[in-house]
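Residues per chain, in single letters:
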Amino acid sequence: VQLQASGGGLVQTGGSLRLSCTPSGLSVWNYNMGWLRQAPGKEREFVAAIRRSGSATNYADFAKGRFTISRVNTQNTVYLQMNSVEPEDTGVYYCAADQGLWNRVSSPTEYEYWGQGTLVTVSS
């Protein structure tokens, strides 16, 4: 199983960025798919997740109203649209897959499969 995340880069404060994750070896509709991030010197934290059924999403408080997670089954791809980004959003963003309970998707330790991460840098 490999999860290829892409779309990171340098963006100015207030700008937008869209991250993509296209796994190989698993189907995004069979897993709860999440985006998590790790800022320099900080622990990895949950950003957003979409339920395997596609019927629900979950966001960290800092992501609500600014970020949107979505999924296109025909492309086997999960997206994270990031709007109104702030310097605090700087970090490595990881795509991850979880087969466990939906009510635990906000816990980074719940995810079985991880991508290599894509770096997002927000300049002030």
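These numbers come from a predicted model, not from an experiment.

J.: Please explain the nonpolar core as it appears in this structure.
T.: Judged by nonpolar contacts, the single largest core of 27 residues is most densely connected at Met 33, Trp 35, Leu 80 and Tyr 93. Going through the elements one at a time, β1 (2-6), β3 (17-24), β4 (32-38), β5 (45-50), β7 (67-72), β8 (77-82), β9 (91-98) and β11 (118-123) are the ones with two or more residues in this core. If we skip the residues at most four places from it in the chain, Met 33 touches Leu 3, Pro 23, Leu 26, Val 28, Ala 48, Ala 49, Ile 50, Ile 69, Val 78, Cys 95, Ala 96 and Ala 97.

J.: Could you clarify how one ought to interpret the packing of aromatic side chains in this entry?
T.: Inspection of every chain in the model, using the stated rule, returns three aromatic pairs. With a centroid separation of 6.1 Å and 75° between ring planes, the pair formed by Tyr 31 and Tyr 113 is classed as edge-to-face. You can see Tyr 31 sitting in the loop between β3 and β4 and its partner Tyr 113 sitting in strand β10 (residues 113-114), a full 82 residues away along the chain. Given a relative accessible area of 29%, Tyr 113 falls into the partly exposed group. Among the aromatic side chains, those forming a connected cluster through ring pairs are Tyr 94, Tyr 111 and Trp 114.

What counts, and where the lines are drawn
- Counting starts from 1 at the beginning of each chain's written sequence and moves along it residue by residue.
- Residue-level local features of this predicted model are given only where pLDDT is at least 70; pairs of side-chain atoms are given and counted only at 80 or more, and the full residue set underlies all totals for whole chains, interfaces and linings.
- Excluded from the side-chain calculations are hydrogens and water; all other atoms, namely the structure's heavy atoms, are used.
- Grouping buried Ala, Val, Leu, Ile, Met, Phe, Trp, Tyr and Cys residues that are joined through side-chain atoms within 4.5 Å yields what is termed a nonpolar core.
- Partly exposed describes any residue whose relative accessible area lies between the buried limit of under 20% and the exposed limit of over 50%, with all areas from a 1.4 Å probe on protein chains only and scaled to the type maximum.
- Every helix listed is a DSSP run of H or I at least four residues long, and every strand listed is a run of E at least two residues long, numbered separately from the N terminus.
- Here, two residues are considered to be in contact whenever any of their heavy atoms come within 4.5 Å of each other.
- Side-chain rings of Phe, Tyr and Trp, where Trp is taken by its six-membered ring, are said to pair if the distance between their centres is within 6.5 Å; with planes under 30 degrees apart they count as stacked, over 60 as edge-to-face, and otherwise as tilted.

Scope: geometric values only; no functional claims are made or implied.
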